[in-house]
Amino acid sequence: MGQLNADVAFGLLFAALGVALLGHSAGFPPGTPGVPGPGFFPMLVGALLCLLGLGLAAGSRRNGAAIQYWDKPWGDPAIVRIVTVIALLALYILVWERVGFIWRTPPLLFLLYLVLGVHWIRSLILAVAVTGVLAGVFQGLFSLRL
Amino acid sequence: MAELVTGVAPLLDPTTWLYVALGVGLGILFGALPGFTATMGLAILTPLTFWVQPDQAFAMLFGLLCAAIFSGGIPAILINTPGTPASIATTWDGYPLAQQGQAGLALGINALGAFCGQMLSIAVLALAAFPLAAFALRFGPSEYFALAIFGISMMVSISSRSLLKGLLMGALGLAVSMVGLDPIVGYPRFTFGTPAFLDGISFIPVMVGLFGVAEVLVQMYATTPHSIKGPVRIERVLPSRAELRGLAGHAVLGSAIGTGVGIIPGAGGDIGSIIAWGQSRRLSRLRDRFGKGSLAGLTASCTAANAAIGGAMVTMLTLGIPGDSASAVLIGALLIHGLQPGPLLFRDHPDMVAHIVVLLAMASLVTMLFGLIGARPLARILQIRDQILWGLILIVCVLGSYALNQSVTDVWVMLLAGLAGFVLRKAEFPMGPLVLALILGPMAESNLRRALVLSQGDLSILVTRPLTVIFLLLTALSLLVPVVSSWRGRAKAV
């Protein structure tokens, strides 16, 4: 991925978040000068985010500071590994209420370790062993239904 | 004093010792592995402690903290890589000693120095905390608001090279803290119709995501998995009596400096150990040996690094201001057990404060024993492969964030926080101010609004009460000092 001035992008993003916060807070009960309402503090924080975000973007543009956000191509093994790990974790959470802990955890760990470059036999052993230990700790010790 | 007597109770409970030992074991792992920090370990362990008694929870957490700071010295000595920032100065004499075939002795001094530094700073905590907290009981809403803002500003000033980025993370933390019912009148804010958000976004999953998942993702991105191959030879571990006599002065000096530096919010074991090493060298007759394998230099640096723990606890427990990210996470841990750090903690739960002091001392003792007896096996920790730990940490993060409220929504929040933490850290945004603002946000908001109600909307209440003014001036100072230093640095460079 090419050069991206991350500070400008993040500065504008935070400024937009600040504006959204200000807009949303305007709909809260206003309160009185003596008794500030629920929108008082969010307005302050929204204004702060907006000002700081614009300050970061402007300062970065003025200094011409362009930092390279990604220093690896999209196909780089590290990027692929990260994306796969996040996808596996998201899938694990999605099936949480449909598949029991004992059934959903070993496949996750096995795939996780495979993606991280651990040999498949070791991945299998780790997946089963770690699941057993975690089940023992959480369900046995803490009586927590996973 | 009566509180200290009741606080001794955990000493008599074998279960508490077991929990301390468990925390110490985990802490050694997190401290000894470069890249894994005490903060990360505390963030992952905190939600799991919800299921045990507060005493046992703090036994594990303080065990982890003490052991992680101690064991940061292990890779510093054996492979010249500090396990935690506090052990940077330990590399200067520890690694040369290892190269001279004295790795065992260096590890032994690291363990004894850790014990000495931690115990002396815990003594200072026990003596200074109650009077300081008694003074802080005079605080009203405006002081609490100013104190919360000061705490966030300190974290901002130490966390990043860019003040703006630190401030943005603080503001983002405040914004996230506002999700849920408003703390004064109970009006729902930013819930977008989701009942799960009515109670707000719990800081525990956010913390676990930012310090656990994000850290693993950053490591996956930045490094190829590695481990240290081959056994490390460990010879004599304990120093002789003559050596101990020669090192005692340096240990006391390091402990005093480390404790003093630790009390200052924002300055931790890293700064303390560097200052102590420098002062010890200045006072030593054998200053030429410093940096080449000096036992005195090693003693001063590792006692100071560990003494900062007790120092930081003084400020954290009495005022509710964390000195570093680890203290910020500990504030979160205290909160989930119904304890709000600050002066009220000393008024409402003096017994728990005394327990904390005793638990810290127990953790320090167990850490030293593990360090001395286990020097040889501890050296092998460095051989654990990164990938094994990455997988383990990820699944514990998932289960830990679920454990607190048994809510799958919390697990999603954790994953999103981890992803956001990774993206933000890549752009060099610090995580500490975000987490602290998330924790202190409700305190800041509710006290500001209460102060305004008391003054009938008159903002001058923030500039007419002396303590409030002092905290706000300190806030301004903490934010201005890095800016002025940066300008002066640039001016010198030109």
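Refer to the structure printed above.
Sequence order as written defines residue numbering, which begins from 1 separately in each chain. Here every chain gets a letter starting at A, and every ligand a number starting at 1, in the order they are written. Residue-level local features of this predicted model are given only where pLDDT is at least 70; pairs of side-chain atoms are given and counted only at 80 or more, and the full residue set underlies all totals for whole chains, interfaces and linings. Excluding hydrogens and water, the side-chain values take into account all heavy atoms of the structure.

A few points about a positive patch on the surface
Here comes step 1: Nonpolar side chains (Val, Leu, Ile, Met, Phe, Trp, Tyr) within 5 Å and like charges within 9 Å form the patches, drawn only from residues with over 30% relative accessible area and no salt bridge. To be clear on the numbers: accessible area is Shrake-Rupley with a 1.4 Å probe, and residue cover counts the displayed protein chains and nothing else. In what follows, salt bridge is the name for a side-chain nitrogen of Lys or Arg lying within 4 Å of a carboxyl oxygen of Asp or Glu. Asp and Glu count as negative and Lys and Arg as positive, but His and the ends of the chain are not part of the count. Charge positions come from single atoms, namely NZ of Lys, CZ of Arg, CG of Asp or CD of Glu. There is a patch of like positive charges on the surface, built from Arg281, Arg282, Arg287, Arg289 and Lys292 of chain B.
Here comes step 2: Strands are runs of DSSP state E lasting at least two residues, helices are runs of H or I lasting at least four, and both sets are numbered from the N terminus onward. With respect to the element layout, Arg289 of chain B can be found in the loop between helix 12 (269-283) and helix 13 (295-319).

Points about the pattern of salt bridges
Here comes step 1: For the coordinates displayed, the defined rule picks out eight salt bridges over all chains.
Here comes step 2: Here Asp7 of chain A ties to Lys165 of chain B by a salt bridge, and the two come within 2.9 Å at their closest N and O atoms. Here the residue Asp7 of chain A occupies a position in helix 1 (residues 6-25), and Lys165 of chain B occupies one in helix 9 (residues 163-177), the pair thus bridging two chains. Here the two residues Asp7 of chain A and Lys165 of chain B agree in accessibility, since each one is buried.
Here comes step 3: In this structure, Arg189 of chain B and Glu445 of chain B form a salt bridge, with 2.7 Å as the shortest nitrogen-oxygen distance. Remark: Glu445 of chain B occurs in helix 20 (residues 432-454) and Arg189 of chain B occurs in strand 2 (residues 188-189); sequence separation between them is 256 residues. Glu445 of chain B matches Arg189 of chain B in its accessibility class, with the two residues each being buried.
Here comes step 4: Counted as one network, the salt bridges with shared partners bring together Asp182, Arg189, Glu445 and Arg449 of chain B. Throughout, exposure labels follow a simple rule: accessible area from a 1.4 Å probe, protein chains only, divided by the maximum for the residue type, with under 20% read as buried, over 50% as exposed, and the rest as partly exposed.

Digging into the packing of aromatic side chains
For any pair of aromatic rings, the description rests on two quantities: the centre-to-centre distance and the angle between the ring planes.
Here comes step 1: Note on aromatic pairs: the rings of Phe, Tyr and Trp (six-membered ring only in Trp) are paired at centre separations within 6.5 Å, and the planes decide the class, stacked below 30 degrees, edge-to-face beyond 60, tilted for the rest. Evaluation of the coordinates by the stated rule reveals 14 aromatic pairs over all chains.
Here comes step 2: Judged by centre distance (5.6 Å) and plane angle (80°), the ring pair of Tyr92 of chain A and Trp96 of chain A falls under edge-to-face.
Here comes step 3: On the basis of relative accessibility, which here comes to 3%, the residue Tyr92 of chain A falls in the buried class.
Here comes step 4: On the basis of relative accessible area, Trp96 of chain A is assigned to the buried category, the value being 5%.
Here comes step 5: Taken together, a centroid distance of 6.2 Å and an interplanar angle of 40° make the contact between Phe58 of chain B and Phe62 of chain B tilted. On the criterion of helical spacing, the pair formed by Phe58 of chain B and Phe62 of chain B is a turn pair, its members being four residues apart in helix 4 (residues 54-71). Each member of the pair, Phe58 of chain B together with Phe62 of chain B, is buried.

Comments concerning the interface of chain A and chain B
Here comes step 1: The interface of chain A with chain B comprises 63 residues on the first partner and 61 residues on the second.
Here comes step 2: Buried surface area refers to the total accessible area, computed with a probe of radius 1.4 Å, that the two partners give up upon joining, counted for both partners together. Carbon and sulfur atoms supply 82% of the area that chain A and chain B bury against each other, a total of about 5,400 Å² over both sides.
Here comes step 3: Where chain A packs against chain B, one counts one salt bridge.
Here comes step 4: Under the rule applied, a polar contact is a pair of N or O atoms within 3.5 Å (in protein, one hydrogen donor and one hydrogen acceptor; residues adjacent in sequence only if both atoms are side-chain atoms). In this assembly, chain A and chain B are joined by six residue pairs in polar contact (both at pLDDT 80 or more).
Here comes step 5: For the side of chain A that touches chain B, the secondary-structure elements that each account for two or more residues are helix 1, helix 2 (40-63), helix 3 (77-94), helix 4 (101-115) and helix 5 (120-141) of chain A.
Here comes step 6: Under this grouping Gly is polar, as are all residues other than the nonpolar Ala, Val, Leu, Ile, Met, Phe, Trp, Tyr, Cys and Pro and the charged Asp, Glu, Lys and Arg. Counted by class, the side of chain A that touches chain B contains 47 nonpolar, nine polar and seven charged residues. Here a residue-residue contact requires only that any non-hydrogen atoms of the pair lie within 4.5 Å.

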